[in-house]
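These are the residues of each chain, in order.
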Amino acid sequence: MLKIQRIGEMLSCDTEVFEVAGARAFVFLPRADVRKTPTPWVWYAPTFLDGNPGTENVPIFRRCLECGIAIAGIEVGESYGNLAGRALFTAFHRHLVDTYGFTQKVVLHPQSRGGLMLYNWAVEHPEFVAASVGIYTVCDIRSYPGVSTAAPAYGMTAEEFETVLSKHNPIDRLAPLAKHNVPILHIHGDSDPLV
């Protein structure tokens, strides 16, 4: 059994695991008696169905589900926000809106490096972002994972990637979210100085 299915059991909700464009995805669905149409949703990243989200997310997920809000995510690997991951995110968003009747606008829930993934997608689609609530959210590739580590995910050497970093680094690309008045809240402590 996948960890995501065990978390679904902890949440006592319907859990669906499926594929979008060859990538594994999940949805935690609220009970029918609290579900709205269209269904508001929270998009969690990074998703690894055998690891993330973790059990530490259960309390907030439970509260969302009780309020009729679905939770969803898709595996894009260690993409660090690359173009291929962003394309999968676009297909995932379209699938959830068209197939599940989810709202066009989503609340992002980036955790750690999920910030690189979700924010790089969000700045290209600000019209689909209602808000973002992150947990120790990475927004600068330089601080994590570092240019040298992220460059291969973008199909470049570190030197090549450095020359185009501002086109792929969330901290340098947030203006569209500000222009669309997207509220952003990051929860962060002082025990993670890297982020």
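Worth saying up front: this structure is predicted, and the values here are computed from it rather than measured. (Residues numbered from 1 in each chain as written. Predicted model: local features only at pLDDT ≥ 70, side-chain atom pairs only at ≥ 80, totals over all residues. Heavy atoms only, no water.)

A look at the environment of A72
Line of reasoning, step 1. With respect to the helices and strands, A72 occurs in strand β4 (residues 70-74).
Line of reasoning, step 2. Taking the relative accessible area as the measure of exposure, A72 reaches 0% and is therefore buried.
Line of reasoning, step 3. Put simply, A72 and H109 are 37 residues apart on the chain and 9.8 Å apart in space, counted from C-alpha to C-alpha.
Line of reasoning, step 4. In this view, A72 contacts F26, V27, W41, V42, W43, Y44, F92 and L96; residues no more than four positions away in its chain are not counted. (Helix = DSSP H or I, 4+ residues; strand = E, 2+ residues; numbered from the N terminus. Buried < 20%, exposed > 50% of the residue type's maximum accessible area, 1.4 Å probe, protein only. Contact = heavy atoms within 4.5 Å.)

Re the sheet that holds strand β7 (residues 184-187)
Within a sheet, neighbouring strands are paired by backbone hydrogen bonds and run either parallel or antiparallel to one another.
Line of reasoning, step 1. Reading across the sheet, the seven strands line up as β1-β2-β4-β3-β5-β6-β7 and stay open at both edges, with mixed pairing between neighbours. The two strands at the open ends of the sheet, each matched to only one other strand, are β1 (14-20) and β7. Mean inter-strand twist for the sheet, computed between neighbouring axes without regard to direction, equals 20°.
Line of reasoning, step 2. As judged from the three bridges shared by strand β3 (residues 41-45) and β4, these two strands associate in the parallel manner. Among the inter-strand pairings, W43 is bridged to a residue of β4, identified as A72. (Pairing = 2+ DSSP bridges. Axes fitted to C-alpha atoms, helices over the stretch in contact; angles between N-to-C directions.)

Some words on the nonpolar core
Line of reasoning, step 1. Ranked by internal contacts, the top residues of the largest apolar core, which has 30 residues, are W41, W43, F89, F92 and L96.
Line of reasoning, step 2. Contributions of two or more residues to this core are made by β1, β2 (23-29), β3, β4, α3 (83-100), β5 (106-110) and α4 (114-122).
Line of reasoning, step 3. No other element matches α4, which puts five residues into this core.
Line of reasoning, step 4. With residues near it in sequence (within four places) discarded, L96 still touches F18, V27, W41, A72, G101 and F102. (Core = buried A, V, L, I, M, F, W, Y, C linked by side-chain atoms within 4.5 Å.)

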